[in-house]
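One letter stands for each residue in the lines below.
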2 protein chains.
Amino acid sequence: MRQVAIAGIGKTPFGALAGRDLLSLAVEASRKCLENAQVAASRVEAFHLGNFAGPSFIGQNHLAPYVASGIGLQGVPATRFEAACASSGAAFFHAWAAVASGVYDLVLVTGVEKMTSQPTPKVAEILASAGDLDGEIRVGATFPALFAMIARRHMHQYGTTREHMAAVAVKNHANGALNPDAHLRKPITLEQAMAGKPVADPLTIYDCSLVSDGAAAVLLAPLEIARDMAPKPVRVLGLAQTSDHVALDRKDDITVFPAVRVAGEKAYRMAGVTPRDIEFAEIHDCFTIAEIVAIEDLGFVAKGEGGPYTAAGCTGLHSERPVNTSGGLKAKGHPVGATGVGQLCDVVLQIRGEAGERQVGRNRLGLAQNLGGSGATAVVTILGGE
Amino acid sequence: MRQVAIAGIGKTPFGALAGRDLLSLAVEASRKCLENAQVAASRVEAFHLGNFAGPSFIGQNHLAPYVASGIGLQGVPATRFEAACASSGAAFFHAWAAVASGVYDLVLVTGVEKMTSQPTPKVAEILASAGDLDGEIRVGATFPALFAMIARRHMHQYGTTREHMAAVAVKNHANGALNPDAHLRKPITLEQAMAGKPVADPLTIYDCSLVSDGAAAVLLAPLEIARDMAPKPVRVLGLAQTSDHVALDRKDDITVFPAVRVAGEKAYRMAGVTPRDIEFAEIHDCFTIAEIVAIEDLGFVAKGEGGPYTAAGCTGLHSERPVNTSGGLKAKGHPVGATGVGQLCDVVLQIRGEAGERQVGRNRLGLAQNLGGSGATAVVTILGGE
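Cut-offs applied
- Residues numbered from 1 in each chain as written.
- Chains lettered and ligands numbered in written order.
- Predicted model: local features only at pLDDT ≥ 70, side-chain atom pairs only at ≥ 80, totals over all residues.
- Heavy atoms only, no water.
- 1 Å grid on protein atoms, 1.4 Å probe; cavity = no way out; pocket = protein on both sides within 12 Å on 5 of 7 lines; lining within 4 Å.
- Points joined across faces, edges and corners; volume = space filled by probe spheres on them.
- Helix = DSSP H or I, 4+ residues; strand = E, 2+ residues; numbered from the N terminus.
- Nonpolar A, V, L, I, M, F, W, Y, C, P; charged D, E, K, R; others polar.
- Core = buried A, V, L, I, M, F, W, Y, C linked by side-chain atoms within 4.5 Å.
- Buried < 20%, exposed > 50% of the residue type's maximum accessible area, 1.4 Å probe, protein only.
- Contact = heavy atoms within 4.5 Å.
- Buried area = accessible area lost by both parts, 1.4 Å probe.
- Salt bridge = Lys/Arg side-chain N within 4 Å of Asp/Glu carboxyl O.
- Pairing = 2+ DSSP bridges.
- Least-squares fit on C-alpha atoms with pLDDT ≥ 70 in both.
- pLDDT = per-residue confidence, 0-100.

Attention shifts here to empty space enclosed by the protein. Applying the stated rule across the entire model yields four cavities of 30 Å³ or more. In this model, the largest cavity occupies a volume close to 110 Å³. Of all the secondary structure elements, the ones that give two or more residues to the lining of the largest cavity are α4 (87-100) of chain A together with α4 (87-100) of chain B. Within the lining of the largest cavity, the residues separate by chemical class into seven nonpolar, five polar and no charged.

Let us look at the nonpolar core. The biggest cluster of nonpolar side chains holds 74 residues, and the ones touching the most others in it are Ile6 and Leu220 of chain A together with Leu220 of chain B. Ignoring sequence-local partners within four residues, the contact set of Leu220 of chain A consists of Val4, Ala5, Ile6, Phe92, Ala95, Trp96, Val99, Asp105, Leu106, Val107, Val109 and Val236 of chain A.

Once that is clear, we can look at the environment of Leu203 of chain B. Residue and element names in this part refer to chain B. In this fold, Leu203 is placed in strand β6 (residues 203-204). Leu203 sits in the buried class, given a relative accessible area of 0%. Distance from Leu203 to Pro144, taken between C-alpha atoms, is 7.4 Å for residues 59 residues apart in sequence. Every residue in contact with Leu203, bar those within four places of it in the chain, is listed here: Pro144, Phe147, Ala148, Ala151, Met165, Pro198 and Phe287.

Time to look at the interface of chain A and chain B. With 51 residues of chain A in contact, the opposing surface of chain B contributes 51 residues. Roughly 3,800 Å² is buried in total at the junction of chain A and chain B, and carbon and sulfur atoms are behind 48% of that figure. Scanning the region where chain A abuts chain B turns up two salt bridges. One salt bridge connects Arg80 of chain A with Glu82 of chain B, and the closest N-O pair in it is separated by 3.1 Å. Elements with a contribution of two residues or more to the side of chain A that touches chain B: α2 (54-58), α3 (63-71), β3 (78-82), α4, α6 (133-137) and β8 (234-243) of chain A. It is β3 of chain A that provides the largest number of residues to the side of chain A that touches chain B, a total of five residues. Its residues placed into classes, the side of chain A that touches chain B shows 23 nonpolar, 21 polar and seven charged. As judged from the three bridges shared by β3 of chain A and strand β3 (residues 78-82) of chain B, these two strands associate in the antiparallel manner. Paired with Phe81 of chain A across the bridge in β3 of chain B is Phe81 of chain B.

Residues that lie three or four places apart on an α-helix share one face, since the helix turns once every 3.6 residues. Every buried residue of helix α5 (residues 120-128) of chain B is accounted for by Val123, Ile126 and Ala128 of chain B. In the core, the buried residues of α5 of chain B are packed alongside α2 (54-58), α6 (133-137) and α7 (143-158) of chain B.

Our focus in this paragraph is the relation of the copies chain A and chain B. Structural alignment of chain A on chain B gives an RMSD of 0.0 Å, achieved by rotating through 180 degrees and translating 0.0 Å along the axis. On this basis, the relationship between the two copies can be described by a two-fold rotation axis. The share of interface residues of chain A whose copies in chain B are also at the interface is 100%, consistent with both copies meeting through the same surface.

Turning our eyes to something else, we now look at the confidence of the model for chain A. Residue-level pLDDT values for chain A average 97, and 100% of them are 70 or greater. Both scores are available for the predicted complex, with the pTM at 0.97 and the ipTM at 0.96.

Okay, unusual backbone geometry next. Of note, the amide linkage connecting Asp201 of chain A to Pro202 of chain A takes the cis form, showing an omega dihedral of 10 degrees. Turning to its location among the elements, Pro202 of chain A is positioned in the loop between β5 (198-200) and β6 (203-204). Positive phi outside glycine occurs at Gln38 of chain B, with the angle close to 55 degrees. Within the secondary structure layout, Gln38 of chain B lies in the loop between α1 (22-37) and β2 (46-50). Taking relative accessible area as the criterion, Gln38 of chain B reaches 64% and is therefore assigned exposed. Look at Ala84 of chain B: it is not a glycine, yet its phi comes out positive at around 55 degrees. Residue position: Ala84 of chain B is located in the loop between β3 and α4.

This is the structure:
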């Protein structure tokens, strides 16, 4: 296997982008990425598109050649990867494998979702299709309801509190306020977060990520080739994609994401590092409880300690282990298919030292964790500077 | 790159299968495949699911872990690949790359679609989402209309006739009648085909493929490992996936599928063979004209000769170059996401000598061609016996 690097990144702002369609978003992020790497479109050998539900959101399917043609890629394999909210994480994982194993040198991976043109009830219905339709959704569950059950059980088993979850929201809003590409740039207080409008008890509006439009792209290349390219290459040191049951009721313990745990273990082993070595991370906080569960399952803290650790400020921007310096899905936004690659762009910005006002000091080794559904897909990636 | 083989195949019947859901179809084909290869589910290292529009047809998204869990696969990367009607061709292409390059040994590739639970107008709308929504579909085009334009132009440029297209239908119906797993097992006469109810002039009901339910699966393994397994391994000698514009109006000449031409050239070069060497083929006859265009673009005949060649009987079951011995999409059926892998299963059956009443004599080297939309995706695969 060859060593692989991210040789270029590009993204659009995330937000409710009226007047922007899926194609223009995906093309903008992709072209910015090629420009960032100073690579002509004609050199790209394969195109991987991460997209969750374009056909449902905008009516257009067969999106990979549709976007590839818009970018100006010609004739290359153009394939859409779908793994719910981990769609572009999965697209990246398969691109890494193809470059590492020598199938291609340059692969462009773009994630995109256009969500805000649908009314909220329709958005909720489309998102719910990533759960188990017969067992969960048709009996009335939505994703906020599923994560509310996870939160309630976590509170019961470990003493996690609503304050712990609110602390995740406060931190991510504070970080998002420093990110010019974030959907929400509005700091909030703990009091505000605690007084949020209920969505699915115990989760309030401040515990839920945003419905956003946006796109993000990365260019993968063998490290040796990336070293001759314009930006400082960022190495893919470890990664894994794993799966689990879609339905929560098939799981022994809903306070654990086994797919995240296994993907993390595999990624650490591949990178030759331990959870302690990870200096900062982008975590899939589709709900505040998801960030708490994930930092436990990734071994940043012991099981049950995620809430107190966050409330103590240990994941803040200038703390021992910054989590979601971008603002996370909570404040940066969550255009589903763009989220996985968007996280990678944010880790790359930190490693390159280009994160502006939210730049962290210890920026050599970062991790991104992308989750599909209520844990049926996980992709964990560890990136490092040279 | 390692040599790769198909070590097992499995499929459900194709048809209007009332009472069968997507999950049960995908699980049946996958389990039959593992049983055929005599491999335990626990040995599978990755799961690739080809599916075009499950979320639109049945409301369930995040289908790869959903099906993987049903099969009994545990924790493996489970990813859905979408490339319109070439979805499972694309899933297969990426699985081949992963096995050839040593990322995995055993990858299960399953294609599935459940279409018949939706009323016909809804099916037409879902299929149309694989075309260009803004440029083609919203102004009234459907896939029969797009292929009718291709047919009309082919008739104009090359003198192709309705009889030539009807000859494709007659042949494929005759072959389908010999296939116990085919959707339609009803031979038709040229007179019947010529008198078919019009769909989009010049295409009649006999020029259009079927709306079907079904699933198909193949297990990929390195040749060295496949040799120790139960069935005779069938080697993947050459393959390629390519892309082109989604919208027909972006093309210089709509009587050509450039993606098929390029994929064919790449696959021939990789296999070290010429079009003349191909003994039989499964061709993507979503419409009769598509089979004519494809056998030209694959170099079986010169451009414009596909119609006369077919009408002369040269692609019949016991002719010089049997095409669609399974009955093709026209008679075997076209459960969109299952079609690409279904074609591969049929080529494997011929190479193994297990094709029953439709077995061909020259069965050493076969080709499968899978098309997405009106030509924006193509996957061409050449398989051979040892």
